[in-house]
Amino acid sequence: MLKSKDNFLSLKQRLDNQRAEPPSKRPQKKSSGYNQSVFSENNASRSSIFSFSNKSFFSNFINSSKKEISSFSLKSKLGLNSSQKSNDSRSFTTALSSPRSLQKSSITLSHKVVIIGGSISGVCAAKYIEDRCSSAALITLIEPQSKVFLKLGAPSGLFDSTLIQSLFVSPTSIFKLPHNVVLRNKAVSIQQDHLVMSIGPPIYFDTLIIATGCSFPPPVCYPDLDPSLTSNMLLRYFQAISKSKSVLVIGGGPTGIETCLRLLNDFPKVSVTLIHDQKMVLHDYYPEQYRKKVQSYLINSNVKLILNDSANIRSFANFGYPPKGRWIETTSGKMYFFDLQINCSGCHGNSDFIKGSFLDYERVVDPVSKLIKVNRYLQVDQHQNIFAIGDVNNIAGLKSADRAKSQAQVVAKNISILIRSSTQPSSNPNPRFLEWTPDSNLARDSIVLNEKQVQGEEYPGFETELEASSSYHFHEVSLRKTDLIKKVHKLYNTSNTKTKK
Ligand SMILES: Cc1cc2nc3c(=O)[nH]c(=O)nc-3n(C[C@H](O)[C@H](O)[C@H](O)COP(=O)(O)OP(=O)(O)OC[C@H]3O[C@@H](n4cnc5c(N)ncnc54)[C@H](O)[C@@H]3O)c2cc1C
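Residues numbered from 1 in each chain as written. Predicted model: local features only at pLDDT ≥ 70, side-chain atom pairs only at ≥ 80, totals over all residues.

- Per an unreviewed UniProt entry, the protein chain is named FAD/NAD(P)-binding domain-containing protein, and its organism is Smittium megazygosporum.
- In the Sequence similarities (unreviewed entry) part of its UniProt record, the protein chain is described as follows: "Belongs to the FAD-dependent oxidoreductase family." (UniProt positions renumbered as here; feature names shortened; annotations may be inferred.)

Pasting the structure below:
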């Protein structure tokens, strides 16, 4: 399998020919893009926002707010006038895409909280805010996927196809109060008081929470908004693994290690190679002892480790998909062939929608990781009413569901402080926000660095030193995801009977 560079120069052309096609280019059965579903003539029910599958809420909402509901249509996208719109049989009420909480002029007394991203951190924030603020907050959660793909279960789904269905959760039933809604849409830009959406009218906010997470290369991703295409992707990997004699795992972070361990468990005859760009597996936010322990285990289990080297795949975002045999060239100039490559080379923050917005992208977003810089209150660029939580912020250290949850709690508390200070300004003229307690020194240092970068004459300094939590509980790489997946289903108020691993 391992050959010298000289012997393979003639194969470089072949290597190039075998680069992966991005998933979007492969033949697709159908697209379930929200654009199409919102605007297609026959798809009113599918187009809908999740909350409207709850019929009682739908009828209550329509009855109570008919007067406030205006309409928009395909024509409005095309810039036609309002009389033409109202006569258009293809019109949808804005209730389907723009309920009253989103209208600039409606309900001015309630505080409009908009959350971008309906995965773990977005849903945690939505629920905490609803519990804490009740009717004082009108919450709108925006998510483009009809069913949210739980990336944390992707490696389990690769090795056990019966688990795949449990990796999709619908945010339909997250809210208790009928004025809070979930919209199936995508934010494309942030302006001072509203979001520009991929489709339909703008969505106004008083407070914005960015919870858009990260994008990974396949297989830890959803290649399409249609869950069946994501399931197909996982199945294709499973079939390819079953037929492979040699598998390369690219990236020795927690996802890569989890994938190696699963390969050892489920396919003991497959020859496994792991390539990682550091001198030891995992990252520096894991204790050295633990890294050594994992590394020894892999070596003793006959995993071939290529350390301090990396695969030259940076310009191929979806490298490894579709699954097939490919040559790999490393930065040190070696060439290898593997029947299958599983790309666990990391992720980047979903922050492109900040480009062209009123926030200064260069200042707010880390150029390499695309993660959003936040201060100790999880605010972006010191804006009191814009927060970034979960995987999308640039706080260093291990990203986890627990961390997302703890950040959602802090933001919910800060939003209740904001609401109180805006409704009773005299009682609380200088609101003191709650700090998120960093879960490690690494996390603390990254926040302090962010604060130093944005502090200038226009922003006041911070009065107190930021303290990190005294104990750092790192999560060991685990193959047992059952409890976590069950907890996530509970968070979404959905039942899940199929998790077993
Ligand atoms: C392989 C793997 C294994 C893991 N294992 C564990 C584990 O064992 N334990 C643990 O605690 N954590 C684990 N994690 C981490 C955990 O999954 C994340 O910390 C958690 O998912 C973070 O959630 P999030 O909501 O911040 O982001 P994401 O889960 O990334 O969700 C972001 C959401 O935002 C939406 N979105 C993106 N852009 C837009 C836009 N412009 N408009 C609207 N919506 C948008 C996306 O569709 C998505 O639903 C694992 C992660 C991976 C990848």
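After that view, the rundown keeps rolling.
**Examining helix α11 (residues 288-300)**
Here is step 1 of the chain: Spanning 13 residues, α11 covers 18 Å between terminal C-alpha atoms, matching the ideal 18 Å at 1.5 Å per step.
Here is step 2 of the chain: Considered for burial, the residues of α11 that qualify are Val294, Gln295 and Leu298. Down the axis of α11, the smallest arc covering the buried residues is 100 degrees, so these residues share one side. Among the exposed residues of α11, those pointing more than 90 degrees away from its buried face are Gln289, Ser296, Ile299 and Asn300.
Here is step 3 of the chain: Those residues of α11 that are buried lie in contact with α10 (254-266), β15 (271-275) and β16 (304-306). (Helix = DSSP H or I, 4+ residues; strand = E, 2+ residues; numbered from the N terminus. Expected span 1.5 Å × (residues − 1). Buried ≥ 20, exposed ≤ 12 C-beta atoms within 10 Å, placed from the backbone. Arc of directions from axis to C-beta. Contact = placed C-beta atoms within 7 Å.)

**Remarks on the environment of Ser351**
Here is step 1 of the chain: Here Ser351 is to be found in the loop between β20 (348-349) and α12 (361-364).
Here is step 2 of the chain: Here Ser351 falls in the buried class, since 23 other C-beta atoms lie within 10 Å of it.
Here is step 3 of the chain: For the pair formed by Ser351 and Cys214, sequence separation is 137 residues and the distance between their alpha carbons is 8.6 Å.
Here is step 4 of the chain: Excluding residues within four positions of it along the chain, Ser351 makes contact with Thr212, Val365, Lys370, Ile372 and Val392.

**Focus on the pairing of strand β5 (residues 137-142)**
Here is step 1 of the chain: Of all six residues in β5, six are buried; the element is thus mostly enclosed.
Here is step 2 of the chain: Of the two faces of β5, the one holding Ala137, Ile139 and Leu141 and the one holding Leu138, Thr140 and Ile142 are both buried throughout.
Here is step 3 of the chain: With six bridges connecting them, strand β4 (residues 111-116) and β5 associate as parallel partners. Considered in β5, the bridge of Val113 is made with Ile139.
Here is step 4 of the chain: Handedness of the crossover is the feature at issue here: the chain leaves β4, passes through helix α7 (residues 120-133), returns alongside β5, and the resulting connection is right-handed.
Here is step 5 of the chain: As judged from the three bridges shared by β5 and strand β8 (residues 181-183), these two strands associate in the parallel manner. Of the residues in β8, the one forming a bridge with Leu141 is Val182. (Pairing = 2+ DSSP bridges. Right-handed = clockwise from strand over helix to strand, strands pointing away.)

**Side note on the packing of α7 against helix α13 (residues 401-423)**
Here is step 1 of the chain: The interhelical angle for the contact between α7 and α13, taken along N-to-C directions, is 35 degrees, at an axis separation of 8 Å. Handedness of the α7/α13 crossing: right-handed. Across the interface between the two elements, Ile120, Ser121, Cys124, Ala125, Tyr128, Ile129, Arg132 and Cys133 of α7 pack against Ala401, Ala404, Lys405, Gln407, Ala408, Gln409, Val411, Ala412, Ile415, Ser416 and Ile419 of α13.
Here is step 2 of the chain: Across the contact of α7 with α13, the residue classes break down as 13 nonpolar, four polar and two charged. (Axes fitted to C-alpha atoms, helices over the stretch in contact; angles between N-to-C directions. Left-handed = near helix turned anticlockwise from the far one by under 90°. Nonpolar A, V, L, I, M, F, W, Y, C, P; charged D, E, K, R; others polar.)

**Examining the sheet that holds β5**
Here is step 1 of the chain: If you trace the five strands from one edge of the open sheet to the other, you get β8-β5-β4-β12-β21, paired in parallel fashion. Edge positions in the sheet fall to β8 and β21 (386-388), since each of these pairs with one other strand and no more. The mean angle between the axes of side-by-side strands here comes to 20 degrees, regardless of whether they run parallel or antiparallel.
Here is step 2 of the chain: Seen against the sheet, α7 touches β4, β5 and β12 (207-210) and runs at an angle of roughly 170 degrees to β5.

**Some details on unusual backbone geometry**
Here is step 1 of the chain: The peptide bond linking Pro218 to Pro219 adopts the cis configuration, its omega dihedral lying at 15 degrees.
Here is step 2 of the chain: Here Pro219 shows up in the loop between β13 (214-215) and α9 (227-243).
Here is step 3 of the chain: Omega for the peptide link from Tyr321 to Pro322 comes to 0 degrees, which places this bond in the cis form.
Here is step 4 of the chain: Looking at the secondary structure, you find Pro322 in the loop between β16 and β17 (326-329).
Here is step 5 of the chain: One non-glycine residue, Gln382, lies in positive phi territory at about 65 degrees.

**Points about the nonpolar core**
Here is step 1 of the chain: By size, the foremost hydrophobic cluster in this structure holds 114 residues, and its most contacted members are Val113, Ile115, Ala125, Ile209, Ile389 and Val411.
Here is step 2 of the chain: When residues in this core are grouped by element, the largest group, nine residues, is from α13.
Here is step 3 of the chain: Filtering out sequence-adjacent residues up to four positions away, Val113 remains in contact with Ile129, Ala137, Leu138, Ile139, Phe205, Asp206, Thr207, Ile209 and Ile415. (Core = buried A, V, L, I, M, F, W, Y, C linked by C-beta atoms within 7 Å.)

**Examining the site of the ligand**
Here is step 1 of the chain: In the vicinity of the ligand, 39 residues are found, and the nearest of them are Gly117, Ser119, Gly213, Gly390 and Ser400.
Here is step 2 of the chain: Contributions of two or more residues to the shell around the ligand are made by α7, α8 (154-159) and α13. (Near = placed C-beta within 6 Å.)

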